[in-house]
Amino acid sequence: ARPRQQRPARHEAPVEQRWQKIEGLDSIVDIKPSMRTGFLFTDLAALGLRPEPPHVAAFSGVEQALGWLYVVERGRRMNSLLYRHLMRRLPAVMTIAGNYLNASSPCGDRWQQFGDALDHFATHHVIIDQIITAANHAFRSIKIPPRLHT
């Protein structure tokens, strides 16, 4: 009964599976560095948790995959800070179950490479709109409000 700890496994694992099925995505952005749920499932198992990710349909195209990639990578940006905080507070637990948070950092290079890939791929307003629509759908699906830029 620890739904909060299992939340990333419920949305990230199926999303990572869907990324792997999109033909041509790897020619736009290297998704291998973004594949992190193996670490997450190992950590949850070390804590005695065994979430089962839901089955999800494939993405409809590269644009949808990129929108979801944005949301997942954005959510991981704070993992290094969280890892350091928890390591100070719960060192024994983090030693056996901190692999996901630790492996997600640093994400600066991944974030920069992703931004460069978006700049090169999203050159038409229709593509940009499709990526944004997919990202908004992803935010709603995992219940994270998108940050508005002012």
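For the structure itself, look to the data block above.
Reading the values: the criteria
Residues numbered from 1 in each chain as written. Predicted model: local features only at pLDDT ≥ 70, side-chain atom pairs only at ≥ 80, totals over all residues. Heavy atoms only, no water. Helix = DSSP H or I, 4+ residues; strand = E, 2+ residues; numbered from the N terminus. Contact = heavy atoms within 4.5 Å. Areas by Shrake-Rupley, 256 points an atom, 1.4 Å probe, with all protein chains shown as cover. Salt bridge = Lys/Arg side-chain N within 4 Å of Asp/Glu carboxyl O. Buried < 20%, exposed > 50% of the residue type's maximum accessible area, 1.4 Å probe, protein only. Patch = residues over 30% accessible without salt bridge, like charges linked within 9 Å, V, L, I, M, F, W, Y side chains within 5 Å.

A.B. asks: Even after reading the chapter, I still don't get the overall build of the chain, so can you show me in this structure?
C.D. replies: A tally of helices and strands in the chain yields 9 helices and 0 strands. Expressed as a percentage of contacts within the chain between residues at least 6 apart in sequence, the contacts between residues at least 24 apart total 76%. Total accessible area computed for the chain in this model is approximately 9,200 Å², and 55% of it derives from carbon and sulfur atoms.

A.B. asks: Can you help me understand the pattern of salt bridges in this one?
C.D. replies: Overall, the coordinates contain 5 salt bridges when judged by the stated rule. Of the charged contacts, one joins Arg76 and Glu12 as a salt bridge, the two residues approaching to 2.6 Å between their closest N and O atoms. One end of the pair, Arg76, is in helix α4 (residues 62-76); the other, Glu12, is in helix α1 (residues 3-20), and 64 residues separate them in sequence. Relative accessible area serves as the criterion here: at 5%, Glu12 is assigned to the buried category. A salt bridge links Glu73 to Arg110, with the nearest nitrogen and oxygen atoms 3.1 Å apart. Separated by 37 residues along the polypeptide, Glu73 in helix α4 and Arg110 in helix α8 (residues 108-121) bring together distant segments of the chain. Here Glu73 and Arg110 have matching classes, each one buried. When salt bridges with common partners are traced through the structure, they connect Glu12, Glu16, Glu73, Arg76 and Arg110 into a single cluster.

A.B. asks: Please explain the environment of His137 as it appears in this structure.
C.D. replies: With respect to the helices and strands, His137 occurs in helix α9 (residues 125-141). Along the backbone, His137 and Gln64 are 73 residues apart, and their C-alpha atoms lie at a distance of 9.4 Å.

A.B. asks: What's the story with a nonpolar patch on the surface in this structure? I'm lost.
C.D. replies: Together, Leu47, Leu90, Val93 and Ile96 line one region of the surface with nonpolar side chains, adding up to about 300 Å² of accessible area. When you line up the elements, Ile96 lands in helix α6 (residues 91-97). According to the relative accessible area criterion, Ile96 is partly exposed, its value standing at 47%.

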